[in-house]
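# Residue-level structure breakdown
Each chain, written out:
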Amino acid sequence: MTKNDAIIQMKQGVKVTHRYFTSNEWITMKGNFTIQTEEGYSFPADEFWRYRNDIDWMDGWSIYKE
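Criteria and cut-off values
Residues numbered from 1 in each chain as written. Predicted model: local features only at pLDDT ≥ 70, side-chain atom pairs only at ≥ 80, totals over all residues. Heavy atoms only, no water. Pairing = 2+ DSSP bridges. Helix = DSSP H or I, 4+ residues; strand = E, 2+ residues; numbered from the N terminus. Phe/Tyr/Trp six-rings, centres within 6.5 Å; stacked < 30°, edge-to-face > 60°. Buried < 20%, exposed > 50% of the residue type's maximum accessible area, 1.4 Å probe, protein only. Lys NZ or Arg CZ within 6 Å of the ring centre and 35° of its normal.

### A closer look at the pairing of strand S3 (residues 34-37)
Here strand S2 (residues 27-30) pairs with S3 via 4 bridges, running antiparallel. Bridging from a neighbouring strand, isoleucine 27 pairs with threonine 37 of S3. Hairpin connection of S2 to S3: 3 residues between the antiparallel strands, including glycine 31 at a positive phi of 70 degrees. The pairing of S3 with strand S4 (residues 42-44) spans 3 bridges and is antiparallel. Note on S4: the bridge partner recorded for isoleucine 35 is phenylalanine 43. Here S3 folds back onto S4 in antiparallel fashion, the turn holding 4 residues, of which glycine 40 has a positive phi close to 90 degrees.

### Concerning the packing of aromatic side chains
In this structure the tally under the stated criterion is 7 aromatic pairs. Each ring, one from tryptophan 49 and one from tryptophan 61, has its centre 5.6 Å from the other, and the planes form 70 degrees; the classification is edge-to-face. Of this pair, tryptophan 49 sits in helix H2 (residues 45-50) while tryptophan 61 sits in strand S5 (residues 61-63), and the two are 12 residues apart along the sequence. Tryptophan 61 carries the same exposure label as tryptophan 49, and that label is buried. One residue, arginine 19, lies across the ring of tyrosine 20, its end atom 5.4 Å from the ring centre.

By themselves these figures say nothing about function.
Next up, the structure:
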């Protein structure tokens, strides 16, 4: 799934993971501007994406399976 597809899913409350994440890592969104991690940490979405904006992060996303 692409980054844009993942963002759409996260805005609906779906947990997503990325090929660079460990097997138990996921993120989702609270509202349109906050990323929440599996550990309960929250970050402004623009801050999270600031460090994940190169081509490696444009795809490789999938829905997290618990």
